[in-house]
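# Observations on chain architecture
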Amino acid sequence: MIWRAADERGMLILEPLLKTENLTIKFGGQTAVDHVNFAMPAKHFKSIIGPNGAGKTTFFNLISGELKPTEGDVIFRGESMAKYSSVERTRKGLGRSFQITNVFPNLTVIENVRLAVQSKENIRYQMFRHFIAYKDLHIQAEKLLEIVLLSNKANSIANQLSHGEKRKLEIAMLLALDTEVLLLDEPTAGMSLEEVPAILDVIKQIKQTGEKTILLIEHKMDMIMDLSDSIMVLFNGKLLADGTPSDIMENETVQQAYLGGLYDEQLT
Amino acid sequence: MKSKFQVNNGVLLVLVAALAVFPFVSDSRTWTILLTQIFIFSILAMSYDILLGYTGIVSFGHAMFFGMGAYTTAIMLNKFEASLGVFFFSIAIGMIIAGIISFLVGLLTLRLKSHFFAMLTLAVSGLFLVLAEKWRTLTHGNDGFTFRAPELFKDRVMFYLLVLICLVLVYFFLRRFVSSPLGRVLIAVRENEQRTKSLGYKTLHYKVIASVVAGIVASLAGSLYAVSLRFVNTSVLTMDITLDALLMTIIGGVGTLIGPIIGAGVIELAQHYLSGLAKEHPIFERWIIFFGIIYILAVIFFPRGIVGTIRYAFWKRKNKDVSVVLNTSKVKEVAK
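- Naming follows an unreviewed UniProt entry, where chain B appears as Branched-chain amino acid ABC transporter permease of Psychrobacillus vulpis.
- Here chain B is described in UniProt, under the heading Subcellular location (unreviewed entry), as follows: "Cell membrane".

Shown next as structure tokens:
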């Protein structure tokens, strides 16, 4: 709360919105995330890159509370998140999307989003009124579907959507929670090339509103360079580099470890 | 957003009115008793469907709540006077006990994954069965005991009407319950519990609420059942009761409220007629065999149940919005 007040007076924000301190997790002998220290201010757009198995999704799981760290801590708004479950972290403002599409398969698209809106509006244990009476939930859900360009599918059953559409639905549900931080885990994973630009547009739109702090895991380099304020590189669970897109491009270790091969491929 | 196949209130009203005048038109005692039985099991099956069909919880211990209601009412009517006041009071007490027990059991067990939960419910209900068998001073064990019902219910028709009213009230209460915002979250838990959590819902709370509501309603069914027989023994706590509820729900259609009512009708009538056929051929003395067959066939060819299949066919033809498409995976899981 102190942090908030400082923000409103227009003071320089010293305390980052989200940071990790020596965040580490070990699975058996394997260290999946190894003493990662990172910080990001509010309304920042940061991307995480790294080869497969670098620990990117694990890092997300640690931030969102799906996994408990072996060592270290996640600090959000100056508060340690260690004692909070993933549910509580979501309510506090850390919303995440999943790499593997994870929607309610047998419910309609609008119902999927409405459940998320309902959670945000804190309508949880109301059991004596018909849900149709909550018109506002429906209206908000419709608006979100417009943002992600899914209005025409509102009444389809979610598992009848194409993969790309499911990803959009996923983003709509994340937006519905209206969390301060959006953790996007490879929103374009498994998408056909034609489907990617639409998702990209959605993410750009979210960025342009300037209200959200976004942490993005992504493989598509051109997309990241364009969008990100900063990029961090994970390699074998360690933070290899953290800086502006151009810094990262010029960083030799990064080029050797990861970018070299991949980026050349993309240029050709 | 209402689906077209929302059972029309008008149609329901006509049906209820027809059932209400039935005992005055027909003087068949058998039918009055049979229908009373169907109504009671409809209430039980609907309560079970809150768990199985709406929340996706597979419980093998539902009989314990039914038994609690039955024993509470029987014991109170036996120990105190057999008056209407005691009768209604005993229903309330039974519901409170069932509510508390289902809350505690739910809190302790619902954290577990579905299969383990199912096994544990079986164990807990077994515990209550043993308790009822051993606590002979109160329950008279296996032999059970008879008791006097309130004077008013000497007239079978009065009791029939009371049960019908209970059925209608429970139906409307549960219908509102499942279509409330809370009910939508229950459906979300059924569909994808992990996702529901990541939306910020504490799913354990919801599962406990569902199990408390189901327990309370099952206790009501138990109270009515005991009075309908004017006798109670440990059979009200056995697995058979749970299996009946399960079968009724699946045959009628999981995830619908009309389904369990129809399922209760089908099963009770089948039971009645099949056992009646025993005179024709001795195999019908073992009519339970046919239930096994019906159950297997239903799960293989009819996983949506009667109402679910009709609803699905309707939906496919119109391809209109149904906000909830029935999920059959739970049924298959149970079948395994």
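## A short note on the overall build of chain A
- Looking only at helices and strands, chain A features 10 helices and 10 strands.
- Taken against the 2.2 N^0.38 rule, which gives 18 Å for 268 residues, the C-alpha radius of gyration of chain A at 19 Å falls within 12% of a compact globule.
- Over its C-alpha atoms, taken along the principal directions, chain A stretches across nearly 60 × 50 × 45 Å.
- Counting the 268 residues in chain A, one finds 44% classified as buried.

## Concerning the environment of Val117(A)
Residues and elements named next belong to chain A.
- Mapped onto the fold, Val117 is located in helix α4 (residues 109–120).
- Overall, the presence of 27 C-beta atoms within 10 Å leaves Val117 in the buried class.
- Note: C-alpha distance between Val117 and Asn155 (38 residues apart in sequence) is 17 Å.
- Not counting residues up to four positions away in its chain, the partners in contact with Val117 are Leu137, Gln140, Ala141 and Ala176.

## Topic: the sheet that holds strand β1 (residues 18–27) of chain A
Residue and element names in this part refer to chain A.
- Pairing within the open sheet is antiparallel, and its four strands lie in the order β2-β1-β4-β5. Looking at the sheet topology across the chains shown, the edges are occupied by β2 (30–40) and β5 (79–80).
- Each of β1, β2 and β4 (71–76) is contacted by helix α2 (residues 56–64), which is oriented at about 65° to β2, the strand it contacts most.

## Concerning the packing of helix α3 (residues 63–79) of chain B against helix α4 (residues 84–109) of chain B
All names here are of chain B.
- In contact at an axis separation of 8 Å, α3 and α4 are set at 145° when each is read in the N-to-C sense. Both α3 and α4 take part in a crossing whose hand is right-handed. Contacts from Phe65, Met68, Gly69, Thr72, Thr73, Met76 and Leu77 in α3 reach Val86, Phe87, Ser90, Ile91, Ile93, Gly94, Ile97, Ala98, Ile101 and Ser102 in α4.
- Its residues assigned to classes, the contact of α3 with α4 shows 11 nonpolar, six polar and no charged.

Definitions and limits used
Residues numbered from 1 in each chain as written. Chains lettered and ligands numbered in written order. Predicted model: local features only at pLDDT ≥ 70, side-chain atom pairs only at ≥ 80, totals over all residues. UniProt positions renumbered as here; feature names shortened; annotations may be inferred. Helix = DSSP H or I, 4+ residues; strand = E, 2+ residues; numbered from the N terminus. Rg over C-alpha atoms; globule rule 2.2 N^0.38 Å. Buried ≥ 20, exposed ≤ 12 C-beta atoms within 10 Å, placed from the backbone. Contact = placed C-beta atoms within 7 Å. Pairing = 2+ DSSP bridges. Axes fitted to C-alpha atoms, helices over the stretch in contact; angles between N-to-C directions. Left-handed = near helix turned anticlockwise from the far one by under 90°. Nonpolar A, V, L, I, M, F, W, Y, C, P; charged D, E, K, R; others polar.

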